[in-house]
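Results of the structural survey
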Amino acid sequence: MSAAATRRLTTAQALVRFLAAQYTERDGVRHRLIAGTWGIFGHGNVAGLGQALVEYREAMPYHQGRNEQAMVHAAVGHARHLNRLSAQAVTTSIGPGATNLVTGAALATINRLPVLLLPGDYFASHAADPLLQQLEHPVEADVSVNDALRPVSRYFDRITRPEALLASALQAMRVLSDPSETGAVTLALPQDVQAEAYDWPEEFFADRVWRVRRPAPDPVELAEAVRAVRAAARPLIVAGGGVHHSEAEAALKALVDATGIPVASTQAGKGALRHDHPADLGGIGHTGTSVSDALARTADLVIGVGTRYSDFTTASGTLFQHPGVRFLNLNITAFDAHKLAAATLVCDARSGLAALADALAGHRVDAAYETEYRTGKTRWEETVAEAFRADDDSAVPTQTQVLGALDAVVGDEDVVINAAGSLPGDLHKLWRARSPRQYHLEYGYSCMGYEIPAALGVQQAAAPDTPVWALVGDGTYLMNPTEIVTAVQENLPVKLVLVQNHGYASIGGLSESVGAERFGTDYRHRVGDGSFTGAPLPVDLAANAASLGMDVLRAKTVRELREALSTARAATRPTCVYVETVPPSAALPAQAWWDVPVAEVSAREAATEARAAYEQAVADRRRHL
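Now for a quick tour of the structure.

Each value, and the rule that gives it
- Residues numbered from 1 in each chain as written.
- Predicted model: local features only at pLDDT ≥ 70, side-chain atom pairs only at ≥ 80, totals over all residues.
- Heavy atoms only, no water.
- Helix = DSSP H or I, 4+ residues; strand = E, 2+ residues; numbered from the N terminus.
- Buried < 20%, exposed > 50% of the residue type's maximum accessible area, 1.4 Å probe, protein only.
- Areas by Shrake-Rupley, 256 points an atom, 1.4 Å probe, with all protein chains shown as cover.
- Lys, Arg positive; Asp, Glu negative; His and termini not counted.
- Charge placed at Lys NZ, Arg CZ, Asp CG, Glu CD.
- Salt bridge = Lys/Arg side-chain N within 4 Å of Asp/Glu carboxyl O.
- Pairing = 2+ DSSP bridges.
- Contact = heavy atoms within 4.5 Å.
- Arc of directions from axis to C-beta.

A few words on the overall build of the protein. In terms of regular secondary structure, the protein is built from 24 helices and 23 strands. Among the 625 residues that make up the protein, the fraction classed as buried is 56%. For the protein, the exposed area adds up to about 24,500 Å²; of that, 53% sits on carbon and sulfur atoms. Seen as two clouds, the 55 positive and the 70 negative side-chain charges of the protein have centres 4 Å apart.

Below, the structure is given as structure tokens:
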């Protein structure tokens, strides 16, 4: 018997060759599982993965980043746009390069989005202890800074011998491609092991397909779900991100068209129905619409589809107030399906919705209920039109008028990206989503600095002529603008809408509501009493964006803003639209509560008043058991 064929490669070379041969397949469509690798090189990975990536650059595309956290955000944006069927890898050196991954890893895992992290690590042989940037632990010699990635990773391993990669790489691909398990996956790579040679079995490098299943609902669970829906007088669907990940939008529409059940959306689920569908009620929860939240308060059956029920969705447990409300959760992950003591359909969203539609044939909600929510939808659409309208084209725009101007410019194919600040609330209430992938809000981690790098990942994943917009406030911009340089280098024509409102507008409003009096939330000079209430800081963020290589369009009025947005949409290179806004005359209030505990005792009147309001609101919280 002849010996099995082998190939002598370094561990890093073997890993790159292996990753280049991995694929996902769903519904007969195949994707590269690891479509490319982002990297910043240092002594912990330059001689290992760095050398491997240049040796196999035709098999594994490489993207040069500027900040390790931002590289993860770009990879996450890429994965989300491709419905988790394709991911990217991120490699860093040891030390700060590795620890900079932690925030991005947490974001990926919280949002159930795949990314492969390949940080360098200390010498497995301990031949050079302590090496530059190594964390020395006095009683645990096998601890490194990469252990900070364990709690935010869905799978973690440290590859201390070349042959250990054989099993671990397969486990990593299994987790990345499994919709019920996916998130950040970390393979920590000691720098000496990266460069060590080994005789690898040839079959390790063969093309491998990871089939993404669409599990059907259990018949008993399906029968129970059908009984619950038929018995409900006021059912409400809460569409989460799982609808998009499963490409279940058409199945959801078919169910809604047949039954008349209305749909409210989480931040991740918005766009599950097109905004002008008569049953689409818009966002739900603390940043939801008035019609969604009104129906949520009176719903007797809440049907969650692909949602994990964050506190923004449930209004911190105060939203669903019907005395007999029950929950039915359709989710591919049992952990999420069982939340709120729900009846469960643990299955793929598209398979489950199609099965529900078939089993509910002939069932439809009462006509009066349809009339009620359609009337509420019409009233809210009038609210949206009022928020978007600008009666004076020569005036400085409000933030909602900025969204109105953008709404008038985009087409169905455009993608709008946001994550943090005051914009998510306005977008969730007001944005008219035209297609499943247009509304791209990262609100699981609500990470400032996500938007610009995520736009790069989306632009890479989308058709080349897709307009991709990153909407950021000045606070978010200052957190992480560095990947503008990458956009210029890669010639990715992302569009940046940079809104200057001189501070943390969202947290400023929250601070005022909880008795903290907007302290430390404005970008202004410090004055004698220690507050930041002086003149606005003399920063020029537009000039900064231009210095990083972007084309910049400054808009001072509503008219100039519309013109700038139209120009940016047609641009073929990275372009920034910079606009300074004024506060709206009447900001859209929250339609539901959010629990941020207020100081129980204080000598300041603002905090005392806020505590009284808090105690009144928290009394409405329910435990759904």
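This brings us to the pattern of salt bridges. Enumeration over the complete set of coordinates arrives at 37 salt bridges. A salt bridge links Glu-25 to Arg-30, with the nearest nitrogen and oxygen atoms 3.1 Å apart. Here Glu-25 makes a salt bridge to Arg-211, at a shortest N to O gap of 3.5 Å. Separated by 186 residues along the polypeptide, Glu-25 in strand β2 (residues 22-26) and Arg-211 in strand β11 (residues 208-211) bring together distant segments of the chain. On the basis of relative accessible area, Glu-25 is assigned to the buried category, the value being 16%.

Turning to the pairing of strand β16 (residues 326-331), a few remarks are in order. Where burial is concerned, most of β16 is hidden: 5 out of the 6 residues are buried. Relative to β16, strand β15 (residues 301-305) runs parallel, the two sharing 5 bridges. Note that in β16 the partner of Val-305 across the bridge is Leu-330. Where β16 meets strand β17 (residues 343-346), 4 bridges bridge the pair, whose relative direction is parallel. Paired with Leu-328 across the bridge in β17 is Ala-343.

All right, on to the side chain of His-245 then. Of note, His-245 is situated in helix α9 (residues 241-245). Owing to a relative accessible area of 10%, His-245 belongs among the buried residues under this scheme. Leaving out residues up to four positions away in the same chain, His-245 has contacts with Arg-26, Asn-83, Arg-84, Asn-111, Leu-113 and Arg-437.

Within the span of helix α20 (residues 483-490), buried status applies to Glu-483, Ile-484, Thr-486 and Ala-487. Along the axis of α20, the buried positions cluster into a sector of 155 degrees, meaning they face one direction only. Following α20 by one or two positions, Asn-491 has its phi on the positive side, about 55 degrees.

Read these as layout, nothing more, since geometry by itself doesn't imply function.
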